Structure formats: C-alpha cells, structure tokens
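Each chain, letter by letter, is given below.
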Amino acid sequence: MSAGSVGSLTWTVETGKPATLNVPAFADIADACEWLGLNGPQVTAALHEYGAVYLRGLPVDSVETFGLVRDILIPQRTPYREKATPRSSFGNDIYSSTDLPPSQPIRMHNENSYTLTFPGLLMFACLVAPEEGGATPVADCRRILRSLPSELVERMRTTGWLLTRNYSEHISLDWRTVFAADSKEQVQEYCAENLISCAWDDMDHLRTTQIRPGIITHPATGQEVWFNHLAFWNSWALDPEIREALVDEFGPDGLPFETGFGDGKRLTRDELEAISTAYTEATVRETWQPGDVMLVDNVLTAHGRDSFRGDRRIVVAMGDPVDLLACRPTVAPAASGL
C-alpha cells in the first residue's frame with residue numbers, strides 16, 4: 001500500500017485497487033457537496049493521474065443524493081446514445097449500471113467508444129452492496145496500449161475498428177430503443193449525421209456498420225490510449241456454446257454485435273486472447289460499500305462488471321461530453337458499406 005498526494009488530498013493506492021480517498025465525515029449531503037465543490041479541481045487532477053478514483057464515506061444513500069453529488073462533479077451531462085444494453089432510468093439522467101443477469105460478467109470497455117460524441121466522465125455509486133462479487137473493475141487504457149503486441153497496435157492505428165450491429169427484439173435491443181426513434185426516417189437521419197451505414201431487410205430488421213478509431217489521445221493530458229469495443233463485442237468473446245447457438249440460428253453475419261479491424265479483417269481467437277490479457281493485467285477493482293462513489297475518466301480508463309450474488313444497486317451518470325475529433329484519432333470515423 002502507498003499514498004499519493006494530489007494537491008492537498010492524499011489518495012491510498014493499494015496494489016490491485018483503484019486510488020481511494022477517505023473523505024471527511026459530513027453532517028449532511030449539503031456539507032459534502034460544499035466540500036466537493038471546493039476540492040473538485042484536485043479530484044480532476046487525481047483522475048488525470050490515476051484514471052479512476054474512489055471516494056469513500058460520502059453520505060450518498062439515494063438517487064437524489066447521488067444526483068446532488070453528480071451535479072457538483074459532472075455539471076455538464078451526456079445523453080446515452082446508440083444504446084447497447086438494458087438499463088433502468090431513475091430520472092434526472094441517472095440510470096442503473098446495467099440490467100443484465102447477475103451471473104453474466106461484463107467485459108472491459110470505454111463507454112460509447114463507437115459514438116462521435118461520448119462521455120468524458122462516468123460516475124458510479126453504490127446504494128446497495130451485493131452479497132458477493134459485483135465489483136466495477138477498471139483498467140488503465142494507457143497501460144493497455146503499452147502492453148499490447150506491436151502488430152495489433154499498428155493495425156488499429158492504421159485501420160481503426162469496424163462495428164457491425166443487427167437489431168431485433170429477439171436477439172438484442174430493437175432499433176426503436178437503440179436510436180430513441182419512432183420511424184425509419186429518423187434512424188436514417190441520425191445515421192447519416194453520425195457516419196453510420198444502415199439498411200433494413202424485408203423482415204424490418206436493421207443492420208448498421210461503422211468504422212471508428214481505436215487509438216485516440218486524451219484532450220487534456222495528451223496521452224495516447226486504447227479506446228474501443230473491439231474485444232468486448234467480438235464474437236470470440238462469447239461463451240462458446242452461446243456463440244455456436246447464435247451462429248447456427250442467425251449465421252455469422254447476423255449476430256447482434258461483431259467487430260473487426262477497419263480494413264474488414266476479422267479478429268482471430270489468438271488476437272482476442274492477447275487483447276484480453278492486456279486488459280486483465282491492467283485491471284484493478286474495489287469491493288463496493290454503500291455510499292461509495294467512483295469517478296472514471298472514460299478516455300483514460302475502461303470499466304466492466306463482475307458477476308455477483310444478492311441484491312445490487314449501482315447507479316451511474318455520464319457527462320463532460322467529448323468530441324471524438326478533439327482526441328486526434330489515428331483514423332477518421334466513417335460509415336462503412338454494407
């Protein structure tokens with residue numbers, strides 16, 4: 001265990017865990033918000049150094065108190081675009097972290113890495129801690145980039161990554177939910193504005209493709225990072241039995257998500273394993289306690305979810321929107337031909 005000082009705040013940095021600050025005891029949420037307002041610049045400085053930080057001891061015990069803290073630390077909100085997983089909305093731009101089954105872990109990823117504008121900051125808080133498991137692990141994307149095989153990095157640097165999605169209420173979120181749209185015309189307009197190719201089949205199912213850079217530069221720190229969903233949404237990342245069943249049912253081109261490099265080449269199983277290893281080596285985690293708040297710099301840090309048992313209530317908010325083109329992408333975002 002070590003301690004790192006950023007300004008007047010001292011962060012505990014323990015092997016395998018994110019940097020943590022035990023905040024002072026506060027009489028109420030108003031006092032906590034006042035303190036956070038005064039120390040916000042130091043928290044931001046710590047985020048730039050560590051990528052993600054835990055604040056332990058805040059009087060956050062409800063969606064309402066979480067919202068008050070969010071408004072101090074992340075005053076500018078980012079909408080949830082191009083939805084990918086089921087979430088519950090609690091209003092005030094506050095959501096459940098995910099509504100996927102407890103037994104299903106979620107791979108590491110950068111939130112909305114496939115959109116042209118994405119949240120620069122994420123804020124999680126624990127209202128109810130699970131009986132077992134359920135951590136929100138984080139991984140430093142600077143370290144991931146440094147540790148990946150050079151040939152993988154070069155391919156990503158020169159071609160970017162390709163995302164293909166198939167939308168159906170039977171295998172994923174339907175296009176109306178994903179794009180918050182009521183008509184095909186609205187979807188087509190959104191896709192045209194956001195460099196996404198789209199087409200419907202005769203069963204009213206939508207298919208989209210888009211090329212995005214997988215390596216970008218943090219707009220404030222100037223550090224290059226590995227920033228994408230390449231491994232998270234690749235079919236080799238699926239449980240083998242689930243992958244086989246989906247391919248048998250929908251064919252290799254009909255999966256809900258598939259990724260590859262921007263030149264159209266598919267990711268191999270060995271390449272996925274190399275990327276997964278880099279994420280694992282860079283991952284740290286902390287056991288949730290009620291009232292814990294975690295801030296994540298979404299450019300510097302990927303996040304995921306461990307499987308769990310028991311009740312778990314983790315809420316999340318997103319903000320500080322970042323324009324992809326402000327991040328010096330190594331490949332220009334583009335729509336891809338279907």
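Cut-offs and rules
- Residues numbered from 1 in each chain as written.
- Predicted model: local features only at pLDDT ≥ 70, side-chain atom pairs only at ≥ 80, totals over all residues.
- Heavy atoms only, no water.
- Pairing = 2+ DSSP bridges.
- Helix = DSSP H or I, 4+ residues; strand = E, 2+ residues; numbered from the N terminus.
- Core = buried A, V, L, I, M, F, W, Y, C linked by side-chain atoms within 4.5 Å.
- Buried < 20%, exposed > 50% of the residue type's maximum accessible area, 1.4 Å probe, protein only.
- Patch = residues over 30% accessible without salt bridge, like charges linked within 9 Å, V, L, I, M, F, W, Y side chains within 5 Å.
- Areas by Shrake-Rupley, 256 points an atom, 1.4 Å probe, with all protein chains shown as cover.
- Salt bridge = Lys/Arg side-chain N within 4 Å of Asp/Glu carboxyl O.
- Lys, Arg positive; Asp, Glu negative; His and termini not counted.
- Charge placed at Lys NZ, Arg CZ, Asp CG, Glu CD.
- Contact = heavy atoms within 4.5 Å.
- Polar contact = N/O pair within 3.5 Å; in protein donor to acceptor, adjacent residues only side chain to side chain.
- Phe/Tyr/Trp six-rings, centres within 6.5 Å; stacked < 30°, edge-to-face > 60°.
- Lys NZ or Arg CZ within 6 Å of the ring centre and 35° of its normal.
- Axes fitted to C-alpha atoms, helices over the stretch in contact; angles between N-to-C directions.
- Parallel < 35°, antiparallel > 145°, perpendicular 65-115°, else oblique.
- Left-handed = near helix turned anticlockwise from the far one by under 90°.

Engineer: Which residues make up the pairing of strand β11 (residues 197-200), and what values do they have?
Structural biologist: With 4 bridges joining them, β11 and strand β12 (residues 206-212) adopt antiparallel strand pairing. When the bridges of β12 are listed, Cys198 appears paired with Thr208.

Engineer: Could you give me a rundown of the nonpolar core, with the residues and numbers involved?
Structural biologist: Core analysis: the biggest nonpolar cluster contains 56 residues, and Ile144, Trp226, Ile275 and Tyr279 have the highest contact counts within it. With 5 residues, the top contributor of residues to this core is helix α8 (residues 269-282). The next biggest cluster of nonpolar side chains, apart from the first, holds 33 residues, and it includes Phe26, Ile29, Trp35 and Leu58.

Engineer: Quick one: what's the story with a negative patch on the surface, residue by residue and with numbers?
Structural biologist: Taken together, the side chains of Asp239, Glu241, Glu244, Asp248 and Glu249 make up a negatively charged region of the molecular surface. By the element assignment, Glu241 lies in helix α7 (residues 240-250). With relative accessibility at 65%, the residue Glu241 sits in the exposed group.

Engineer: Give a description of the environment of Cys141 that names residues and reports values.
Structural biologist: Relative to the helices and strands, Cys141 is located in helix α3 (residues 141-147). The class of Cys141 is buried, set by a relative accessible area of 0%. In sequence terms Cys141 and Thr283 are 142 residues apart; their C-alpha atoms lie 9.6 Å from each other. Beyond its immediate chain neighbours, meaning those up to four positions away, Cys141 contacts Asn110, Val225, Trp226, Val299, Leu300, Thr301 and Ala302.

Engineer: Go over the pattern of salt bridges, please, and point to the residues and values.
Structural biologist: Any two side chains of opposite charge can pair, so long as their charged atoms come close to each other. Evaluated as defined, the whole model comprises 16 salt bridges. Here Glu286 and Lys17 are joined by a salt bridge, their closest N and O atoms 3.6 Å apart. In this pair, Glu286 sits in the loop between β16 (283-284) and β17 (293-297) while Lys17 sits in the loop between β2 (9-13) and β3 (19-22), placing the two residues 269 residues apart along the sequence. Lys17 sits in the partly exposed class, given a relative accessible area of 29%.

Engineer: Outline the sheet that holds β16, listing residues and values.
Structural biologist: One open sheet accounts for 4 strands, arranged β6-β18-β9-β16; its pairing is antiparallel. Both outer strands of the open sheet, β6 (106-109) and β16, are each paired with one neighbouring strand and no more.

Engineer: Explain unusual backbone geometry to me, and be specific about the residues and the numbers.
Structural biologist: One non-glycine residue, Leu195, lies in the positive phi region at around 55 degrees. Note on placement: Leu195 falls in the loop between α6 (184-193) and β11. Leu195 sits in the partly exposed class, given a relative accessible area of 33%. One non-glycine residue with positive phi stands out, namely Asp320, at about 55 degrees. With respect to the helices and strands, the residue Asp320 is situated in strand β20 (residues 313-323). Given the relative accessible area of 35%, Asp320 is considered partly exposed.

Engineer: Quick one: what's the story with the side chain of Thr65, residue by residue and with numbers?
Structural biologist: For Thr65, the position within the fold is in helix α2 (residues 63-73). A polar atom in the side chain of Thr65 sits 3.0 Å from the backbone nitrogen of Asp61. Within the local environment of Thr65, its side chain forms a polar contact with the backbone nitrogen of Ser62, the two atoms lying 3.0 Å apart. Beyond its immediate chain neighbours, meaning those up to four positions away, Thr65 contacts Ile29, Pro59 and Val60.

Engineer: Break down the packing of aromatic side chains for me, with residues and values.
Structural biologist: Under the definition given, this model contains 10 aromatic pairs. With 5.1 Å between their ring centres and 40 degrees between their planes, Tyr54 and Trp288 make a pair best called tilted. With Tyr54 in strand β4 (residues 52-56) and Trp288 in the loop between β16 and β17, this residue pair connects regions lying 234 residues apart in the sequence. Trp288 shares its class with Tyr54; the two are buried. Three or more aromatic residues joined by ring pairs make a cluster, and in this case those are Tyr114, Phe232, Trp233 and Phe257. Sitting above the plane of the Tyr80 ring, Arg87 keeps its charged end 4.6 Å from the centroid. Sitting over the face of the ring of Phe90, Arg313 holds its NZ or CZ atom 5.0 Å from the ring centroid.

Engineer: Tell me about the packing of helix α1 (residues 29-50) against α2, and name the residues and values.
Structural biologist: Working note: a packed helix pair is described by the angle between its axes plus the distance between those axes. Close contact between α1 and α2 brings their axes to 9 Å; oriented N to C, the two are set at 15 degrees. Comparing the axis directions of α1 and α2 gives the class roughly parallel. Pair α1 / α2 crosses with right-handed handedness. For the pair formed by α1 and α2, the contact residues are Ile29, Cys33, Leu36 and Gly37 on the first element and Thr65, Leu68, Val69, Ile72 and Leu73 on the second.

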